[in-house]
There are 2 protein chains.
Amino acid sequence: MTPERRRAAGPRIPRTATRRETVPTVPPASTPDRRTEVDVTALLERGRTLATPVLRAAVDRLAPPMDTVAAYHFGWIDADGRPAHGDGGKAVRPALAVLSAEVAGAAPETGVPGAVAVELVHNFSLLHDDLMDGDEQRRHRDTVWKVHGPAQAILVGDALFALAGEVLLELGTVEAGRATRRLTTATRALIDGQAQDISYEHRDRVSVEECLEMEGNKTGALLACASSIGAVLGGADDATADALERYGYHLGLAFQAVDDLLGIWGDPEATGKQTWSDLRQRKKSLPVVAALAAGGPASERLAEMLAADAKSSDFESFSEEEFAARAALIEEAGGRAWTSEEARRQHAVAVGALDSVDMPEQVRAAFTALADFVVVRKR
Amino acid sequence: MTPERRRAAGPRIPRTATRRETVPTVPPASTPDRRTEVDVTALLERGRTLATPVLRAAVDRLAPPMDTVAAYHFGWIDADGRPAHGDGGKAVRPALAVLSAEVAGAAPETGVPGAVAVELVHNFSLLHDDLMDGDEQRRHRDTVWKVHGPAQAILVGDALFALAGEVLLELGTVEAGRATRRLTTATRALIDGQAQDISYEHRDRVSVEECLEMEGNKTGALLACASSIGAVLGGADDATADALERYGYHLGLAFQAVDDLLGIWGDPEATGKQTWSDLRQRKKSLPVVAALAAGGPASERLAEMLAADAKSSDFESFSEEEFAARAALIEEAGGRAWTSEEARRQHAVAVGALDSVDMPEQVRAAFTALADFVVVRKR
């Protein structure tokens, strides 16, 4: 992974919010004609349809009770073992993985083991992160450690990680070895990001750069791998794979910026989270760190308020109005507008990374449409 | 891994103990002339000397604080970060890995990335198992989760596992892909073994077969990988690698049988464990399950006694004599003699597996000497 280093963030943060948006979504920079050509729903459905049976077959290989615990985590069964139809998520990663195979002139199916391996690694990290973070809910359901205990969360996470390597390496090809190496690098980045996330919790101040680095590790690295793994399996050269990784990495940062906006200003009905969700969790997300870095009266007042909150014993019982006041200060200090602009910038870098890669025009249009989809979303 | 299935264990268990041993070690079956040719200490030292610097360089790649936590786990620093010279263990796995490269006519150095990867996976499993099992001590020191907290134990375990793949796959060769695939299979077996170990804790009865399967997964699989990975990296064919895996798998079972004997009858001064250590932990180890499977008066009395113990509220305060009585019943029922014989049998299968492999005579002698060393030990 060789993401372009972004310029120093500090000076680029506007001192005051220059614009207001009623919804925290970001209009895409891409040209409308490209977007209308592509049916994003069909792209996502194709990835899901190709990857899910292979993913389920892989998980079925796990010895009991790990197969059941994993099936619960994926939402295929409920806590009592009855079949369920859980929210499988947007399935952007599988869509990217099978699409990327087409860059190499291969069939979408060539990307499937890559799509499955990436999903396995993603879910390995969710299982372990939820336990480390003490999160009790994921996708509107109790997390695995809550239902099946910490040992099963550790064990099944480990098993999914191992399974990811197995699914790729049993292909027995040189390309599979290269794909696994890239996936391993991405996994190390995921782990680094979680380590940073944990260490930042204990700190008063986190810089914008540190926040972006952490988000690049936690979100960018695996999306980078998803965007290139099909191409690698299809025999693409390293330069092509690197360019696709840059696309995915910056798309991940754009995604995360939008996620951070939704974490504060998102509509609870659309996101399924509480109002001011990230503020309630004292998350040092992009709008917060950007607002704190901006300087000026609103920024200083916010810093004082958050410092007081950190010592407050009745933070848990804060009213809606108290959180709304903090959100307003973040906005006044420019944190919201900056994050919105950052999403746009990362989206542009992502789409721009495709320029160096030779690929069929409809494949390029599909990558662009998926990038637009990722930044224009409400949940 | 295609371990030879052992014959049904039940009927082979002697009804009464036919012999008594004052030390729970097992005289090797190998011919004395081969053993005198080989300096086992030098073999172990060679593996340690070749692998340790590469292992330390790999661990140094981890981002802070994971590098420090890992260095503590490996015994390179103490809990305050001061340099330490911990007990690095017997280093049988690195010795086997570099030796196996010579089977393929390669230099011992060719096996080093394999030795390092196997050590990383072994230590990944120790970090996670200690947390899952709630074990507070390892190698006479507090375990990582006790010193650095559960999150670091999970995170650093994950990082070591990922690093193992990285160390191999960055070689960029077809052989590295094959080696990683075998290591991944072994890791899945490790995880299966830990899952079995956890589930057996909650059961009244475990069969001899189930116990052997669990021990094969927990100990055999990784020793199998260690015994073949250097050969794979050196370009050996699958038949050769499979035969070396059989050697390592059965050597692991022999090792574990000896370990189970030491867990009950070992000299605390040599093992560094409490007297009757495995009995205090109610471990369903081989001597226990074999004694319970044997039938007869002693076996029945033992079964009644252990069933009462499971319900007893003052088990923690049992006297030396009470544990000694249980150990005597296990011995009377034949559990000790059977396990001793099982160690010998597995040792013979291990050494026999080498017969199908063409290799220099001094390499064969070294494998045989290491097998002897593993079963003739006091800790």
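Residues numbered from 1 in each chain as written. Chains lettered and ligands numbered in written order. Predicted model: local features only at pLDDT ≥ 70, side-chain atom pairs only at ≥ 80, totals over all residues. Heavy atoms only, no water.

A.B. asks: How should the overall build of chain A be read in this particular structure?
C.D. replies: Tallying secondary structure elements over chain A gives 17 helices and two strands in all. For chain A, buried positions account for 56% of its 379 residues. Sequence separation of 24 or more characterises 78% of the internal contacts of chain A that already satisfy a separation of 6 or more. Just so you have it, chain A exposes about 15,200 Å², and 51% of that area is on carbon and sulfur atoms. (Helix = DSSP H or I, 4+ residues; strand = E, 2+ residues; numbered from the N terminus. Buried < 20%, exposed > 50% of the residue type's maximum accessible area, 1.4 Å probe, protein only. Contact = heavy atoms within 4.5 Å. Areas by Shrake-Rupley, 256 points an atom, 1.4 Å probe, with all protein chains shown as cover.)

A.B. asks: Would you explain the packing of helix α5 (residues 112-133) of chain B against helix α9 (residues 208-233) of chain B in this entry?
C.D. replies: For any two helices packed against each other, one specifies the crossing angle of their axes together with the interaxial distance. All names here are of chain B. Look at α5 against α9: their axes get within 8 Å of each other, and the N-to-C directions meet at 160°. When the axes of α5 and α9 are compared, the pair comes out roughly antiparallel. Crossing of α5 against α9: the hand is right-handed. Within the contact between the two elements, α5 uses P113, G114, A115, V118, V121, H122 and D129 and α9 uses K218, L222, C225, A226, I229 and L233. Residues of the contact of α5 with α9, tallied by class, amount to nine nonpolar, two polar and two charged. (Axes fitted to C-alpha atoms, helices over the stretch in contact; angles between N-to-C directions. Parallel < 35°, antiparallel > 145°, perpendicular 65-115°, else oblique. Left-handed = near helix turned anticlockwise from the far one by under 90°. Nonpolar A, V, L, I, M, F, W, Y, C, P; charged D, E, K, R; others polar.)

A.B. asks: Just checking my understanding: could you explain the interface of chain B and chain A for this structure?
C.D. replies: One frequent convention defines the size of an interface as the accessible area lost when the parts assemble. On the chain A side, the residues contacting the 32 residues of chain B number 32 residues. Carbon and sulfur atoms supply 74% of the area that chain B and chain A bury against each other, a total of about 2,800 Å² over both sides. In this structure, the connection of chain B to chain A is made through two salt bridges. Between R188 of chain A and E166 of chain B there is a salt bridge, with its nearest N and O atoms 2.8 Å apart. At the junction of chain B and chain A, the tally comes to four residue pairs in polar contact (both at pLDDT 80 or more). Elements with a minimum of two residues in the side of chain B that touches chain A: α5, α7 (150-169) and α8 (174-201) of chain B. Counting residues per element, the side of chain B that touches chain A draws most heavily on α8 of chain B, at twelve residues. Classifying every residue of the side of chain B that touches chain A gives 18 nonpolar, seven polar and seven charged. (Buried area = accessible area lost by both parts, 1.4 Å probe. Salt bridge = Lys/Arg side-chain N within 4 Å of Asp/Glu carboxyl O. Polar contact = N/O pair within 3.5 Å; in protein donor to acceptor, adjacent residues only side chain to side chain.)

A.B. asks: Which parts of the structure should I look at to understand the relation of the copies chain B and chain A?
C.D. replies: Put simply, the two copies of the chain differ by a rotation about an axis and a shift along that axis. Relative to chain A, chain B is turned by 180° and slid 0.0 Å along the rotation axis, the superposed coordinates differing by an RMSD of 0.0 Å. Read as a symmetry element, the transformation amounts to a two-fold axis. Among all residues of chain B, the minimum C-alpha distance to the rotation axis is found for G177 of chain B, at 2.5 Å. In this assembly, 100% of the residues forming the interface of chain B have copies in chain A that are likewise at the interface, indicating an isologous arrangement. (Least-squares fit on C-alpha atoms with pLDDT ≥ 70 in both.)

A.B. asks: Quick question: what am I supposed to make of the packing of aromatic side chains here?
C.D. replies: Remark: the centre distance and the inter-plane angle together describe each pair of aromatic rings, the angle taken between the planes. Taken as a whole and assessed by the stated rule, the structure comprises 13 aromatic pairs over all chains. Geometrically, the ring pair formed by F161 of chain A and F161 of chain B is tilted, given 4.3 Å between the ring centres and 45° between the ring planes. Taken as a pair, F161 of chain A in helix α7 (residues 150-169) and F161 of chain B in helix α7 lie in two separate chains rather than in one. On the basis of relative accessibility, which here comes to 9%, the residue F161 of chain B falls in the buried class. Through a chain of ring-to-ring contacts, the aromatic side chains of F124 and F161 of chain A together with F124 and F161 of chain B assemble into a single cluster. Above the plane of the ring of Y72 of chain A lies R141 of chain A, whose end atom (NZ or CZ) is 4.1 Å from the centre. Positioned over the ring face of F315 of chain A is R282 of chain A, at 3.9 Å from the centre of the ring. (Phe/Tyr/Trp six-rings, centres within 6.5 Å; stacked < 30°, edge-to-face > 60°. Lys NZ or Arg CZ within 6 Å of the ring centre and 35° of its normal.)

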